[in-house]
Amino acid sequence: MDSAANPLARKHLTQVRVLRRVTTTMVTIVTVCCRTHDLRFGKALRREPDRFGRRCGLVVGLAARPLLTNLIAGIQIAITQPIRIGDAVIVENEWGWVEEITGTYVVIKVWDWRRLVVPLSYFLEKPFQNWTLEGTDLIGTVLLWVDYTVPVTHIRPSSRKSCTRPKLWSGQVVNLQVVDSNERAVQLRALVSARTSEQAWDLRCEVREKLIAFLQENYPTALPKQRAELVAFERPADRPRNAA
């Protein structure tokens, strides 16, 4: 687990922790039910076994439904593993890492150190994003709005030069394209690859900063601007008041 790019370690750690806690919870439930059955309900069961058994089963079933749902979800997650401890995920529009998986809920450590607690059943019933399901490599996106006069062919080499830190850039992807336009400006998109989600975020910020600095220094007129057209207006000669 010392390496962020070790999915096998995160896989085994998730399986061991989830299955151990699910097993502990199930053993506890069965033990409590057996003791309660022997100590408190023995006489009632002897008097009206069928009637009392139906009522007790209904009450216990309704009360234990959320717990049993999450226990079953925990077993499914441990086997299929849509998430693992240490995965970078987006849940409820919050980006963070899977910090802990218990027998009933998952703790997501959000990027600003908040904790998002989500039931286990959530990951089987609702869609979510897992950025590290197959690997930790990611492609980051940097978007810039610039003027129509921008020389894209001259800016493209600058996007590659901005990825000079091998600690952040994985060396696989770097590209700059015009992806959108409107009546005022065009949008440039720079793609850069990184080894982890944290490095991808830092690399995106660095590339954005360097591209803006390059435009300010070399092509300041290529930054977005508002255009206005001035038209000479000639005032017509005053007409006589009695004119038709």
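The structure presented is a predicted model; accordingly, all values stated were derived computationally and were not measured.

1. Looking at the pattern of salt bridges
Here's step 1: Considering all chains together, one arrives at 6 salt bridges under this definition.
Here's step 2: With a shortest N-O distance of 2.8 Å, Arg 114 and Asp 112 are connected by a salt bridge.
Here's step 3: The structure contains a network of salt bridges with shared partners spanning Glu 94, Asp 112 and Arg 114.

2. Digging into the side chain of Glu 206
Here's step 1: With respect to the helices, strands and loops of the structure, Glu 206 is situated in helix H6 (residues 197–218).
Here's step 2: If we skip the residues at most four places from it in the chain, Glu 206 touches Ser 162, Arg 165 and Leu 168.

3. Describing the nonpolar core
Here's step 1: Judged by nonpolar contacts, the single largest core of 24 residues is most densely connected at Val 150, Ile 155, Leu 203 and Val 207.
Here's step 2: Looking at this core, the elements that each hand over two or more residues are strand S6 (138–146), helix H5 (152–161), strand S7 (169–181), strand S8 (186–194) and H6.
Here's step 3: The dominant element in this core, judged by the number of residues it contributes, is H6, at 6 residues.
Here's step 4: Listed in part, the 18 residues of the second largest apolar core include Val 18, Val 22, Ala 73 and Val 118.

4. Topic: the sheet that holds S8
Strand-to-strand pairing in sheets goes through backbone hydrogen bonds, with the strands running parallel or antiparallel.
Here's step 1: Across the sheet, which stays open at both edges, the 3 strands sit in the order S6-S8-S7 with antiparallel pairing between neighbours. Whereas interior strands pair on both sides, the edge strands pair on one side only; in this sheet they are S6 and S7. Averaged over all adjacent pairs, the angle separating strand axes in this sheet is 20 degrees, with direction ignored.
Here's step 2: Pairing between S6 and S8: 9 bridges, direction antiparallel. Paired with Leu 144 across the two strands is Leu 188, which belongs to S8.
Here's step 3: Sitting on the sheet, H5 is in contact with S7 and S8, with an inclination near 155 degrees to S7.
Here's step 4: Its contacts with the sheet put H6 on S6, S7 and S8, and the angle it makes with S6 is roughly 25 degrees.

5. Brief notes about the side chain of Thr 132
Here's step 1: Within the secondary structure, Thr 132 sits in the loop between strand S5 (129–130) and S6.
Here's step 2: The residues contacting Thr 132, other than those within four sequence positions of it, are Arg 10, Arg 84, Asp 87 and Ala 88.

6. Section: the packing of aromatic side chains
Here's step 1: Scanning all chains against the criterion turns up 6 aromatic pairs.
Here's step 2: Where Trp 95 meets Trp 201, the ring centres are 6.4 Å apart and the plane angle is 35 degrees; that geometry is what we call tilted. With Trp 95 in strand S2 (residues 94–101) and Trp 201 in helix H6, the pair connects residues that are 106 residues apart, well separated along the chain.
Here's step 3: For Trp 95, a relative accessible area of 18% gives the class buried.
Here's step 4: Both rings, one in Tyr 122 and one in Phe 123, keep their centres 5.6 Å apart while their planes meet at 80 degrees; by these two values the pair is edge-to-face. With respect to class, Tyr 122 is no different from Phe 123; both count as buried.
Here's step 5: Linked through ring pairs, Trp 95, Trp 97, Trp 131 and Trp 201 together constitute an aromatic cluster.

7. Concerning the environment of Thr 14
Here's step 1: Inspection of the secondary structure puts Thr 14 in helix H1 (residues 7–39).
Here's step 2: Residue Thr 14 is classed as buried on the basis of its relative accessible area of 1%.
Here's step 3: Spatially, the C-alpha atoms of Thr 14 and Ile 79 are 9.6 Å apart, while their sequence positions differ by 65 residues.
Here's step 4: If we skip the residues at most four places from it in the chain, Thr 14 touches Gln 81, Ile 83, Arg 84, Ile 85 and Ile 101.

8. Points about the environment of Asp 202
Here's step 1: Mapped onto the elements, Asp 202 comes out in helix H6.
Here's step 2: Note on Asp 202: relative accessible area 41%, which makes it partly exposed.
Here's step 3: Taking the C-alpha atoms as reference points, Asp 202 and Leu 168, separated by 34 residues in sequence, lie 7.4 Å from one another.

9. Observations regarding the pairing of S8
Side-chain positions along a regular strand alternate between the two faces of the sheet.
Here's step 1: S8 sits mainly inside the fold: 8 of its 9 residues count as buried.
Here's step 2: Pairing of S7 with S8 involves 8 bridges; the strand directions are antiparallel. Note that in S8 the partner of Val 178 across the bridge is Leu 188.

The rules behind each value
- Residues numbered from 1 in each chain as written.
- Predicted model: local features only at pLDDT ≥ 70, side-chain atom pairs only at ≥ 80, totals over all residues.
- Heavy atoms only, no water.
- Salt bridge = Lys/Arg side-chain N within 4 Å of Asp/Glu carboxyl O.
- Helix = DSSP H or I, 4+ residues; strand = E, 2+ residues; numbered from the N terminus.
- Contact = heavy atoms within 4.5 Å.
- Core = buried A, V, L, I, M, F, W, Y, C linked by side-chain atoms within 4.5 Å.
- Buried < 20%, exposed > 50% of the residue type's maximum accessible area, 1.4 Å probe, protein only.
- Pairing = 2+ DSSP bridges.
- Axes fitted to C-alpha atoms, helices over the stretch in contact; angles between N-to-C directions.
- Phe/Tyr/Trp six-rings, centres within 6.5 Å; stacked < 30°, edge-to-face > 60°.

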